[in-house]
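So the chains spell out like this:
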Amino acid sequence: MARDAAPQMAIGVGADGRLPLPWLGDALARSAALAGAHALLVHGPAGAGHLEFALLLAQAVLCEAGGDEAAGRPCGRCSSCHLVATRVHPDLLIVLPDALRVQLGWVDDEDGRLTKADAKPSRDLRVEQVRQAIGWSQRTSGRGRGKVLLLHPADAMNAAAANALLKTLEEPPGSMRLLLTSADPERLLPTVRSRCQRLRLGLPAADQALDWLQAQGVDEAPALLAVAGGSPLEAQACAREGLTAAWLAALPRRVAAGDASPLVGRALPRAIELLLKLAHDAQVQAAGGAPRFFSGEQMPGAADPAALREWQRALLRAARHDEHPWNAGLLVESLVGQAAAVWPHAPGRATSRAGASLHSGR
Ligand SMILES: [Zn+2]
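Remember, it's a predicted structure, so these values are computed and weren't measured experimentally.

Quick word on the sheet that holds strand 5 (residues 197-200)
Taken together, five strands build an open sheet; the order of strands is 2-3-4-1-5 and the sheet is parallel. Only two strands of the sheet have a single partner each, and these edge strands are strand 2 (92-95) and strand 5. Within this sheet the neighbouring strands show an average axis-to-axis angle of 20 degrees, counted without direction. Across four bridges, the pairing between strand 2 and strand 3 (residues 147-151) is parallel. In the strand pairing of strand 3, Val95 is matched with Leu151. Contacts between helix 6 (residues 159-170) and the sheet are confined to strand 1 (39-43), strand 3 and strand 4 (176-182), with strand 4 contributing the most and set at about 130 degrees to the helix.

What follows is the structure in structure tokens.
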């Protein structure tokens, strides 16, 4: 299927004064009260725009024209704001896992090794990256307005990396500020959490999210926003991967029927995530609640509670080891196969591979 390349991420306030994501303004205004914090942890639900927000905050800290200080906004027009927006500000260091840099297209010539076909860029923030960042933090500010060290996502630091950062986190050199992000702060070392002031980032209200998605040219925004758990950025990513409302509507029953074909060939993390969301909705429905990611009419009916728990455990195990693409297709088939026990009475269950491929041909 055709997949569009990810659009370039908008960084910071532009010269037109617009925010990169319209829902970040509220948290930005709240950040003004935390201007004295030398270490800030930006947290909130996944897909809220943590990196976009942290970059916006960095731009505000480094802005040389002052911007709108009450609203926490950078001006978007001074040379410093421009340098942040083009990621070449000498006093801003952005530390990301290699895998994310590749995904964003933020790799330069010396990183050629990362983009080779057989490369497996790390999803961790490595201890060497943290040590380099500490070395950088000890150098003098290039433009004299302090420095910003951004670590995203901070929970990608392993224990060695986090421990290496502690001293700098406690006493940043000079007027440096540290910005850490996390969609799951419980995964951070308590010693890291306790050294940061916190700023919560929220997801936008549904109407704001839908407006934004429509402005980005995303069709079928409501279904995509639902499966994305309310995150417009995730919904946009789903649209880019070719997910449609009709495909999503059919998915629960096809999975319940043991038909893995809609998911085979998709990125493994996405396939597992969709199955986990389906399992979540089945569990909520069993407890008398309304499904969150799929609509009630799309759900395959009552699930067997014991089989559902077993399936969820298998899905979570798979989610922890989703970096093994050589058996991705088989893994998805096996996980969907287990769904048959969850919905033993689902209609249309394929009884063989031939049945499964016939079913997918419709
Ligand atoms: Zn500025």
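Here we look at unusual backbone geometry
Here His152 and Pro153 are connected by a cis peptide whose omega angle stands at -20 degrees. The phi torsion at Arg87 lies on the positive side, around 60 degrees, for a residue other than glycine. With relative accessibility at 37%, the residue Arg87 sits in the partly exposed group. A positive phi angle is found at Glu220, which is not glycine, with a value near 55 degrees. For Glu220, the position within the fold is in the loop between helix 8 (206-215) and helix 9 (221-227).

Re the pairing of strand 3
The element strand 3 is extensively covered by neighbouring structure, given that five of its five residues are classed as buried. Here strand 3 shows a buried face lined by Lys147, Leu149 and Leu151 and a second buried face lined by Val148 and Leu150. Examined bridge by bridge, strand 3 and strand 4 share five bridges and lie parallel to one another. Bridged to Lys147 within strand 4 is Met176. Note on the crossover from strand 3 through helix 6 to strand 4: the handedness is right-handed.

Re the nonpolar core
Counting residues in each nonpolar core, the largest one holds 79 residues, and the members touching the most others are Phe53, Val255, Leu263, Trp311 and Trp343. Residues lining this core come from more than one domain, with at least three contributed by each of domain 1 (22-200) and domain 2 (244-360). Those residues in contact with Leu263 that lie beyond four places of it in its chain are Trp247, Leu251, Val255, Ala271, Leu274, Leu275, Val332 and Val336.

Thoughts on the domain arrangement of the chain
The assigned domain composition of the chain is domain 1 (22-200) and domain 2 (244-360). Taking the mean C-alpha position of each, domain 1 and domain 2 sit 37 Å from one another.

A closer look at the packing of aromatic side chains
This structure, assessed with the given rule, holds two aromatic pairs. Between Trp23 and Trp212, the aromatic rings sit 5.4 Å apart at their centres with planes inclined by 85 degrees, giving edge-to-face as the arrangement. Here Trp23, found in the segment before helix 1 (25-31), pairs with Trp212, found in helix 8; they are 189 residues apart in sequence, far enough to count as distant. Considered together, Trp23 and Trp212 belong to a single accessibility category, that of buried residues. With a centroid separation of 5.7 Å and 80 degrees between ring planes, the pair formed by Trp311 and Trp343 is classed as edge-to-face. Residue Trp311 is found in helix 13 (residues 305-320), and its partner Trp343 is found in the loop between helix 14 (328-342) and helix 15 (353-360); the two are separated by 32 residues along the sequence. Here Trp311 matches Trp343 in class, with each residue buried. Lying over the aromatic face of Trp247, Arg266 brings its terminal NZ or CZ to 4.6 Å of the ring centre.

What counts and how
- For every chain, the first residue of the written sequence is number 1, and numbering continues from 1 along that sequence.
- Totals for whole chains, interfaces and linings use all residues, but because this is a predicted model, local features are given only for residues with pLDDT of at least 70 and pairs of side-chain atoms are given and counted only at 80 or more.
- Side-chain metrics in this entry use all non-hydrogen atoms of the structure; hydrogen atoms and water are not considered.
- Two strands qualify as a pair provided DSSP detects at least 2 bridges between them.
- Secondary structure elements follow DSSP: runs of H or I of four or more residues count as helices, runs of E of two or more count as strands, with numbering from the N terminus.
- Only the stretch in contact is used when a helix axis is fitted, and all axes are lines through C-alpha atoms; the angle between N-to-C directions ranges over 0 to 180 degrees.
- By definition in these notes, contact holds between two residues if any of their heavy atoms fall within 4.5 Å.
- Exposure is judged per residue with a 1.4 Å probe applied to protein chains only, and the accessible area is read against the type maximum: over 50% gives exposed, under 20% gives buried, and values in between give partly exposed.
- The crossover handedness rule: strands pointing away from the viewer, path from first strand over the helix to second strand clockwise, crossover right-handed.
- By nonpolar core we mean a set of buried residues, namely Ala, Val, Leu, Ile, Met, Phe, Trp, Tyr and Cys, connected to one another through side-chain atoms within 4.5 Å.
- An automatic or database domain assignment supplies the start and end points of every domain.
- Only the six-membered ring of Trp is used, alongside the rings of Phe and Tyr, when aromatic pairs are assigned; centres must lie within 6.5 Å, and planes under 30 degrees apart are stacked while those over 60 apart are edge-to-face, with the rest tilted.
- Think of it as a cone above the ring: NZ of Lys or CZ of Arg counts as a charge over the ring if it is within 6 Å of the ring centre and within 35 degrees of the ring normal.

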